[in-house]
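Each chain, written out:
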Amino acid sequence: MNTTVSCELHLRLVVSSESSLPVPAGLRYDTADPYAVHATFHTGAEETVEWVFARDLLAEGLHRPTGTGDVRVWPSRSHGQGVVCIALSSPEGEALLEAPARALEAFLKRTDAAVPPGTEHRHFDLDTELSHILAEN
């Protein structure tokens, strides 16, 4: 049986050192995909942007800078509050988001309860995943 853990967050899109915009976001973790966290960023009334992150990347980013290339994550402070900075880069553009550290940490603790770190392989059905990949080709 699969378990899903979800969380709604209010992130900040950093526009400049003096300005940021609110970005509602939803995080979803499914034990059927135990290595990933799926994020939906609500960028407009009906518009969303989807990203998938390694759960380990977000967890490590709570404590130290991590990631290379398209996704980088690091802890910081903003207006006296602990935040986790998430820098995203794609051919469509770049974004720097600030997530409330406490809310992200609480979400990740709930995912750890569903699938303890280091046990993801027990929840991953390699045969099913391979059949999906081969069926697409």
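Predicted model only: the values in this text are computed from it and were never measured.

Student: What's the story with the sheet that holds strand β4 (residues 48-54) in this structure? I'm lost.
Tutor: Strand pairing in a sheet relies on backbone hydrogen bonds. The paired strands run either parallel or antiparallel. Judged by pairing direction, the sheet is antiparallel, and its 7 strands sit side by side in the order β4-β3-β2-β1-β7-β6-β5 without closing on themselves. Of all strands in the sheet, those bounded by a partner on one side alone are β4 and β5 (71-78). Averaged over neighbouring strand pairs, the angle between their axes works out to 30° when direction is ignored. Across 12 bridges, the pairing between strand β1 (residues 4-16) and strand β2 (residues 19-30) is antiparallel. Bridging across to β2, leucine 11 finds its partner in valine 23.

Student: I would appreciate a short explanation of empty space enclosed by the protein in the present structure.
Tutor: The method is simple in principle: a probe with the dimensions of a water molecule rolls over the atoms, and the space it marks as empty is what remains. Applying the stated criterion to the full structure yields 1 cavity of 30 Å³ or more. Contributing to the lining of the largest cavity are Leu9, Leu11, Leu27, Ala39, Phe41, Phe53, Leu58, Ile86, Ala99 and Leu104. Elements represented by at least two residues in the lining of the largest cavity include exactly β1 and β3 (36-42).

Student: I tried to follow the packing of aromatic side chains on my own but got confused; where do I start?
Tutor: The way to describe two aromatic rings as a pair is by their centre distance and the angle between their planes. Considering all chains together, one arrives at 1 aromatic pair under this definition. On the basis of an interplanar angle of 15° and a centroid distance of 6.3 Å, the ring pair of tryptophan 51 and phenylalanine 53 is categorised as stacked. Summarising the burial analysis for this pair, tryptophan 51 and phenylalanine 53 share the class buried.

Student: Just to check I follow, could you spell out the nonpolar core for this structure?
Tutor: Soluble globular proteins tend to pack their nonpolar side chains together in the buried interior. One finds Leu11, Leu27, Phe41, Phe53, Ile86, Leu88 and Phe107 to be the most contacted residues of the largest nonpolar core, which totals 28 residues. In contact with leucine 11, not counting residues within four places along its chain, are Leu21, Pro22, Val23, Ala25, Phe41, Leu97, Glu98, Ala99 and Pro100.

Student: When you look at the side chain of aspartate 30 in this model, what are you seeing that I'm missing?
Tutor: Residue placement: aspartate 30 occurs in strand β2. Buried and without a salt bridge, aspartate 30 has arginine 28 as its closest oppositely charged side chain, separated by 4.4 Å. Within the local environment of aspartate 30, its side chain forms a polar contact with the backbone nitrogen of alanine 32, the two atoms lying 2.9 Å apart. When residues no more than four places from it in sequence are discounted, the contact partners of aspartate 30 are Asn2, Thr3 and Thr4.

Student: Please explain the pairing of β5 as it appears in this structure.
Tutor: Working note: regular strand, side chains alternate between the two faces of the sheet. As paired elements, β5 and strand β6 (residues 81-90) share 8 bridges and run antiparallel to each other. Opposite valine 73, over in β6, you have isoleucine 86 as the bridge partner. Counted between consecutive antiparallel strands, the loop separating β5 from β6 contains 2 residues, among which histidine 79 sits at a positive phi close to 55°.

Conventions we followed
- Residues numbered from 1 in each chain as written.
- Predicted model: local features only at pLDDT ≥ 70, side-chain atom pairs only at ≥ 80, totals over all residues.
- Heavy atoms only, no water.
- Pairing = 2+ DSSP bridges.
- Helix = DSSP H or I, 4+ residues; strand = E, 2+ residues; numbered from the N terminus.
- Axes fitted to C-alpha atoms, helices over the stretch in contact; angles between N-to-C directions.
- 1 Å grid on protein atoms, 1.4 Å probe; cavity = no way out; pocket = protein on both sides within 12 Å on 5 of 7 lines; lining within 4 Å.
- Points joined across faces, edges and corners; volume = space filled by probe spheres on them.
- Phe/Tyr/Trp six-rings, centres within 6.5 Å; stacked < 30°, edge-to-face > 60°.
- Buried < 20%, exposed > 50% of the residue type's maximum accessible area, 1.4 Å probe, protein only.
- Core = buried A, V, L, I, M, F, W, Y, C linked by side-chain atoms within 4.5 Å.
- Contact = heavy atoms within 4.5 Å.
- Lys, Arg positive; Asp, Glu negative; His and termini not counted.
- Salt bridge = Lys/Arg side-chain N within 4 Å of Asp/Glu carboxyl O.
- Polar contact = N/O pair within 3.5 Å; in protein donor to acceptor, adjacent residues only side chain to side chain.

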